[in-house]
Structures are given as C-alpha cells and as structure tokens.
Amino acid sequence: MQTKDLDDLDLMRIHFRNEYVINNLGRIEKTNHWSSVPAAALLFGRTTTTNHWHFGNFLSSNTRYLLNENCRQEPLDLDSPLIFKDTYTELIDNEFGDCEVFDSWVFCQKTPPSKPENKASIVQIVTENSHLLNKHFPAMNRYEGKVITQDTPIFAEIVDYHAVSVCNSARQSDLGAECYIATTEAHRNLGYAKNVTKHWAKAIYNSGKLPFLNTTVDNDATIKLANTLGFALVGRVLRVSPRNYSEFITTNA
C-alpha cells in the first residue's frame, strides 16, 4: 500500500476499522473478529494534529450526546491526560455496568519492512504444523481451529520442537492488520519476539496491507520493540468497553 498520501488521522481511521466494524454513521457495530469479544463503547483517538472518536451504536442517544459534548473539549496533545476520562467511564458504567479501560499507543509500519533473517527456527504456522503450539500456546489450537485459519499469518520461533514466541494477526481489515505477540517467560529478551514480528510485518506489507501494533502506554518492552522494528507512532487511543455487553444484548433482545 502507498502511504505517502496518508497522514496520521488516515492511519488512525484504518486502525479503528481493523479493530471494529463501523457503520456509515460512524458508530461501532461489533468487534472485527470471529470471537465474541465485546465491542468498544468509546474509541477516542489522538494524533499530533487532531482528535477523532467513535461511539458504540448500542449506546443510548443521550449517552452518545453527553460523550460527544465532552470529546469536543479535549486538548490536542498526545501526552496530556484526557480531561473527561473519568466522565466517559462513568457514563458508560451507568448504562452497562463495569467497563474495561485501555489507554494505548498505536504504531504503524509505514514503509516497507527490512527483509527478516531467513532462519530455519522461524516457521509459519498452518493447520499441518499447528501441533508446534501445543506445549506453550495450546489455546491457539482451540476454538475449532479458527485461530490457525483466520488469525493469519502466524509466525513462530521454534526451540526444541516447540513454539516459544508467536506473532499473529489479532484483527484485520482490507487495509491493515493488528499484530498479537506472545513469548514464554523463559524465552524473553532473546530476540525471538523481534524475529517473529519482523516476519509477520513483512508478510502483511507484502499482501498490500499496513502492519499495526497497538500496546498499552505502560508496556515499555513492546514500545521498545515497535521502535526497534521501525514502526512509527501514529497516535494514542482510549478504549472503553463494557465487560457485560454480550450479556446485556441477550437480556434485552
């Protein structure tokens, strides 16, 4: 994908659509994934030049109105705390109960990634070799095999015939993909996460999509990894998601 005409706001919009299905009114319909992970009630994105936000379509019109009035007053500053962060959580809590709140950085590989080292220990995981995940990442082989067939591509570092570090597509759209990285505790700080993420980013970029990395603002290890691999900072996102959204919909259907 050509990125020379895309600014950080464009990239933030791609990131949001990697993560969620957003309708023509700009409202979040559901999580862009095969699982039943609750959709966000609020996505508030900040770049160096602008703020951009979306609300869950399942929120009442009054809550959306109140959220919007506060969002419009937030400063244009990535590092400053949001003025109304507690208000957003309170408004959504009042409608759905307990919420999860994530404050995160969004990175994107804007330019072609460097060619990863061709090592025999790094393999792409498919159905035929998914047994390599059994020891350290058994959950990836559950869910009727959907992780292996849909959260692709998946790359793994193999040590003693077992995957010890993996990188796969957590969510993706026609324009981009979000990576998920996991490494066993005993195999951290050995460069394995860097290796598998490099292969993943290269495969995503070669497919015509942009690779994204999203991590909480206090995850120093992943932030360092993003910088080392050449991912550029796009902006910052506050995500508020009701924990019991699925239960609420079922009860009120």
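Being a predicted model, the structure only gives us computed values, none of them experimental.

(A) Examining the pattern of salt bridges more closely. Tallying each qualifying case throughout the model produces eight salt bridges. With its nearest N and O atoms 2.7 Å apart, the salt bridge here joins D103 to R236. Note that D103 is positioned in strand β5 (residues 99–108) and R236 in strand β11 (residues 232–242), a separation of 133 residues in sequence. A salt bridge links E144 to K146; the nearest nitrogen and oxygen atoms lie 3.9 Å apart. On the accessibility criterion, E144 (74% relative accessible area) is exposed.

(B) Main features of helix α5 (residues 192–206). A rise of 1.5 Å per residue sets the reference length of α5, with its 15 residues, at 21 Å; its end C-alpha atoms lie 21 Å apart and thus fit the reference within 8%. Along its buried surface, α5 packs onto β6 (122–124), β7 (155–159), β8 (162–172), β9 (176–183), β10 (210–216) and α6 (220–228). After α5 finishes, the residue G208 shows a positive phi value of roughly 95°.

(C) Just the nonpolar core, in detail. Of all hydrophobic cores here, the largest spans 34 residues; its most connected members are L42, Y88 and I92. Among the elements of the structure, α1 (8–19), β1 (20–22), β3 (42–46), α2 (61–71), α3 (85–96), β5, β10 and β11 are those that each provide at least two residues to this core. Non-local contacts of I92, meaning those with residues more than four positions away in its chain, are made with A41, L42, L67, G97, C99 and V240. Counting 17 residues, the second largest nonpolar core, distinct from the first, contains A177, A201, I204 and F231.

(D) Molecular detail of the packing of α2 against α3. One way to put it is that α2 packs onto α3 with a least axis distance of 10 Å and a crossing angle of 175°. If you check the angle between α2 and α3, you find them roughly antiparallel. From α2, T63, L66, L67, N70 and C71 reach across to α3, where they touch T87, Y88, L91, I92 and E95.

(E) Highlighting the packing of aromatic side chains. On inspection of all chains with the given rule, the structure shows four aromatic pairs. Measuring from ring centre to ring centre gives 5.6 Å for W34 and Y143, while their planes differ by 50°; the resulting arrangement is tilted. With W34 in the loop between β2 (27–31) and β3 and Y143 in the loop between β6 and α4 (146–150), the pair connects residues that are 109 residues apart, well separated along the chain. Both rings, one in F44 and one in W53, keep their centres 5.6 Å apart while their planes meet at 5°; by these two values the pair is stacked. Taking the relative accessible area as the measure of exposure, F44 reaches 0% and is therefore buried. Among the aromatic residues, those joined into a ring-pair cluster are F44, W53 and Y88. Directly above the ring of Y20 sits R171, whose terminal nitrogen or CZ lies 5.3 Å from the centroid. Over the face of the ring belonging to W105 we find R236, whose NZ or CZ atom lies 4.9 Å from the ring centre.

So, how was this worked out
Residues numbered from 1 in each chain as written. Predicted model: local features only at pLDDT ≥ 70, side-chain atom pairs only at ≥ 80, totals over all residues. Heavy atoms only, no water. Salt bridge = Lys/Arg side-chain N within 4 Å of Asp/Glu carboxyl O. Helix = DSSP H or I, 4+ residues; strand = E, 2+ residues; numbered from the N terminus. Buried < 20%, exposed > 50% of the residue type's maximum accessible area, 1.4 Å probe, protein only. Expected span 1.5 Å × (residues − 1). Contact = heavy atoms within 4.5 Å. Core = buried A, V, L, I, M, F, W, Y, C linked by side-chain atoms within 4.5 Å. Axes fitted to C-alpha atoms, helices over the stretch in contact; angles between N-to-C directions. Parallel < 35°, antiparallel > 145°, perpendicular 65-115°, else oblique. Phe/Tyr/Trp six-rings, centres within 6.5 Å; stacked < 30°, edge-to-face > 60°. Lys NZ or Arg CZ within 6 Å of the ring centre and 35° of its normal.

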